[in-house]
Amino acid sequence: MISGKFAITIHILTLLTKFPNDYLSSEFIAGSINLNPVLVRKEIANLKAHHIVESKEGKNGGTKMAVDASKLTLKEIFEMTFETINLGYAKNKPNPDCPVGKMINQNLSVLYAEINQKISLQLNNISLEDFSAQF
């Protein structure tokens, strides 16, 4: 299902791109997003696992970009956040004797695959640097 994780991750990375030489604290980032710092640290941990950011602890600690924003696409960020968009399926099992019920989930799967392909194509053409230049 769609959540706000992609928006949070893009917000974090855009801030880091705007301050390339600074280690930003999770509190600073959380203040920009208006979100609990614990949730920010969770997304930062995911970015660290993908080697997109680096962090240091201590008084002057925080997080900064570890990669060139011009070489990181929104598609790559999306794929770090979600594998695909899934708009969901019915919680109950549809009636297999119904002409709609027996095919609804298969047809939704095809639709979702098409949506994901279109999203990937569009996001692949936008770098984090391009996105950040809007701010």
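Structure: above.
We now turn to the structure provided with this report.

Cut-offs used in this document
- Residues numbered from 1 in each chain as written.
- Predicted model: local features only at pLDDT ≥ 70, side-chain atom pairs only at ≥ 80, totals over all residues.
- Heavy atoms only, no water.
- Helix = DSSP H or I, 4+ residues; strand = E, 2+ residues; numbered from the N terminus.
- Rg over C-alpha atoms; globule rule 2.2 N^0.38 Å.
- Buried < 20%, exposed > 50% of the residue type's maximum accessible area, 1.4 Å probe, protein only.
- Phe/Tyr/Trp six-rings, centres within 6.5 Å; stacked < 30°, edge-to-face > 60°.
- Pairing = 2+ DSSP bridges.
- Core = buried A, V, L, I, M, F, W, Y, C linked by side-chain atoms within 4.5 Å.
- Contact = heavy atoms within 4.5 Å.

1. What about the overall build of the protein chain?
Scanning the protein chain for helices and strands turns up six helices and two strands. Its C-alpha atoms give the protein chain a radius of gyration of 19 Å, clearly above 14 Å, the size a compact globule of 135 residues would have. C-alpha atoms of the protein chain, sized along the principal axes, occupy 65 × 30 × 25 Å. Among the 135 residues that make up the protein chain, the fraction classed as buried is 34%.

2. Some words on the packing of aromatic side chains
Within the structure shown, the criterion is met by three aromatic pairs. Taking the centre distance of 5.9 Å and the plane angle of 90° together, the rings of Phe19 and Phe28 count as edge-to-face. On the basis of relative accessibility, which here comes to 32%, the residue Phe19 falls in the partly exposed class. Its relative accessible area of 41% is what places Phe28 among the partly exposed residues.

3. Some thoughts on the pairing of strand β1 (residues 53-56)
Pairing analysis gives four bridges linking β1 to strand β2 (residues 62-65), with the strands arranged antiparallel. Following the sheet pairing, Glu54 is matched in β2 by Lys64.

4. What about unusual backbone geometry?
Look at Asn34: it is not a glycine, yet its phi comes out positive at around 65°. Within the secondary structure, Asn34 sits in the loop between α2 (26-33) and α3 (37-49). In this structure Asn34 comes out as exposed when scored by relative accessible area, which is 72%. One non-glycine residue, His51, lies in positive phi territory at about 60°. Here His51 falls in the exposed class, since its relative accessible area comes to 60%.

5. Quick notes on the environment of Phe78
Considering the arrangement of structural elements, one finds Phe78 in helix α4 (residues 74-81). When the C-alpha positions of Phe78 and Ala7 are compared, they lie 9.5 Å apart, and in sequence the two are 71 residues distant.

6. Some details on the nonpolar core
Counting 27 residues, the largest nonpolar core has Ile12, Leu13, Ile29 and Ile77 as the members making the most contacts within it. Breaking this core down by element, the ones donating at least two residues are α1 (5-18), α2, α3 and α4. Residue contributions to this core peak at seven residues, all from α1. Those residues in contact with Leu13, other than ones at most four positions away along the chain, are Leu47, Ile52, Val53, Met65, Leu72, Ile77 and Leu128.

It is worth stressing that arrangement in space is one thing and function is another; only the former is reported here.
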